[in-house]
Amino acid sequence: GAGVSQSPSNKVTEKGKDVELRCDPISGHTALYWYRQSLGQGLEFLIYFQGNSAPDKSGLPSDRFSAERTGGSVSTLTIQRTQQEDSAVYLCASSLVTGWPGGWTGELFFGEGSRLTVL
Amino acid sequence: GQQVMQIPQYQHVQEGEDFTTYCNSSTTLSNIQWYKQRPGGHPVFLIQLVKSGEVKKQKRLTFQFGEAKKNSSLHITATQTTDVGTYFCAGRARDDKIIFGKGTRLHILP
């Protein structure tokens, strides 16, 4: 597709359930980021994938959160045993990177986000 | 870990007044990016600054990157109602993570 695609756009779940959020980045973009944005707040870094390298998971808030990226393209963010404080918009962004590491990171292209509500 | 602080958190200005938001990083940055998020929307890229002391302009917007590559600012001259939104700075350090500031929410009073 032309842009970053995220699904579902809205997810309402019960506390304790697992959820999966999907991100389909722009074709050819090697870098993929997940951020979390609570209502009226900033963007909290969660995880970063670059090519085939090990992801930077330093932003994941707990071991209930995990993410994978298959084939260097689609990524899935999984939240196990959801809690009410997990309610937020989860944003995925992709970027073209040249000359990595230490090279030029281009602009981030964001998807529309997945709004998660945990009841 | 790397932190990016941004002030002010909120700013109300009369239409036609100027607006400035400031960004400070706890670590030296490789580059800094600025994004705008309209209410209900997702962040959209505005600009990227790479060089120490760099200044870039986009119409009424002026972006600066500090000499030490740890701070940056965005200045809007003569604000218009279309400028409403939240402005985020995002710093990239050597580990390639891009960390966002908490943003400055700009309200324009007609």
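Look up a bit, the structure's there.
Cut-off values and rules
Residues numbered from 1 in each chain as written. Chains lettered and ligands numbered in written order. Predicted model: local features only at pLDDT ≥ 70, side-chain atom pairs only at ≥ 80, totals over all residues. Heavy atoms only, no water. Contact = heavy atoms within 4.5 Å. Buried area = accessible area lost by both parts, 1.4 Å probe. Salt bridge = Lys/Arg side-chain N within 4 Å of Asp/Glu carboxyl O. Polar contact = N/O pair within 3.5 Å; in protein donor to acceptor, adjacent residues only side chain to side chain. Helix = DSSP H or I, 4+ residues; strand = E, 2+ residues; numbered from the N terminus. Nonpolar A, V, L, I, M, F, W, Y, C, P; charged D, E, K, R; others polar. Buried < 20%, exposed > 50% of the residue type's maximum accessible area, 1.4 Å probe, protein only. Lys, Arg positive; Asp, Glu negative; His and termini not counted. 1 Å grid on protein atoms, 1.4 Å probe; cavity = no way out; pocket = protein on both sides within 12 Å on 5 of 7 lines; lining within 4 Å. Points joined across faces, edges and corners; volume = space filled by probe spheres on them. Phe/Tyr/Trp six-rings, centres within 6.5 Å; stacked < 30°, edge-to-face > 60°.

Contacts between chain A and chain B engage 24 residues on the former and 20 residues on the latter. Counting each side, the surface lost to burial between chain A and chain B is near 1800 Å², with a carbon and sulfur contribution of 52%. Linking chain A with chain B are 0 salt bridges, by the criterion used here. Counting every contact that joins chain A to chain B gives 6 residue pairs in polar contact (both at pLDDT 80 or more). Mapped by element, the contributors of at least two residues to the side of chain A that touches chain B are β4 (31-37), β5 (43-50) and β10 (104-105) of chain A. In terms of residue class, the side of chain A that touches chain B is built from 11 nonpolar, 10 polar and 3 charged.

Our focus in this paragraph is the side chain of A:D56. Mapped onto the elements of the fold, A:D56 is located in the loop between β5 and β6 (65-69). The buried charged residue A:D56 lacks any salt bridge partner; its closest oppositely charged side chain belongs to B:K97, at an N-O distance of 4.2 Å.

Turning next to the layout of surface pockets. There is about 660 Å³ of room inside the largest pocket. If you trace the largest pocket, you find 35 residues lining it, with A:Q37, A:G40, B:Q37, B:G40 and B:G41 closest to the centre. Breaking the lining of the largest pocket down by element, the ones donating at least two residues are β8 (88-95) and β12 (114-118) of chain A together with β9 (85-92) and β11 (104-109) of chain B. One number sums up the size of the second largest pocket: a volume of about 410 Å³. Taken together, 18 residues make up the lining of the second largest pocket; nearest its centre are A:L43, A:E44, A:F45, B:F100 and B:K102. Put simply, the parts of the chain that give the lining of the second largest pocket at least two residues each are β5 of chain A together with β10 (98-100) of chain B. Sort the elements by how many residues they give to the lining of the second largest pocket and β5(A) lands first, with 3 residues. Of the residues that constitute the lining of the second largest pocket, the class distribution is 5 nonpolar, 9 polar and 4 charged.

For the structure on display, the rule yields 5 salt bridges over all chains. For A:E44, the salt bridge is made with A:R36, and the minimal N-O distance between the two is 3.0 Å. Note on A:R36: relative accessible area 11%, which makes it buried. Linking B:E54 and B:K56 is a salt bridge whose minimum nitrogen-to-oxygen distance equals 3.7 Å.

What follows concerns the side chain of A:H29. Residues and elements named next belong to chain A. Within the secondary structure, H29 sits in the loop between β3 (19-24) and β4. Judged by its relative accessible area of 11%, H29 is buried. A distance of 2.8 Å separates the side chain of H29 from the side chain of S94, its partner in a polar contact. Apart from the residues within four sequence positions on either side, H29 is in contact with R69, G72, S94, S95, L96 and F109.

Next up on the list: the packing of aromatic side chains. All names here are of chain A. Using the criterion set out here, one finds 12 aromatic pairs over all chains in the structure. Ring centres of Y33 and Y35 lie 6.0 Å apart, and the angle between their planes is 15 degrees; this geometry places the pair in the stacked category. Of the two residues examined, Y33 and Y35, each falls in the buried class. On the numbers, 4.4 Å between centres and 20 degrees between planes, the contact of Y33 with Y48 is stacked. Residue Y33 is found in strand β4, and its partner Y48 is found in strand β5; the two are separated by 15 residues along the sequence. As far as the burial class goes, Y33 and Y48 line up, both buried.

Residues and elements named next belong to chain A. Considering the arrangement of structural elements, one finds L91 in strand β8. On the basis of relative accessible area, L91 is assigned to the buried category, the value being 2%. Sequence spacing of L91 and G113 is 22 residues, and the spatial spacing of their C-alpha atoms is 4.5 Å.

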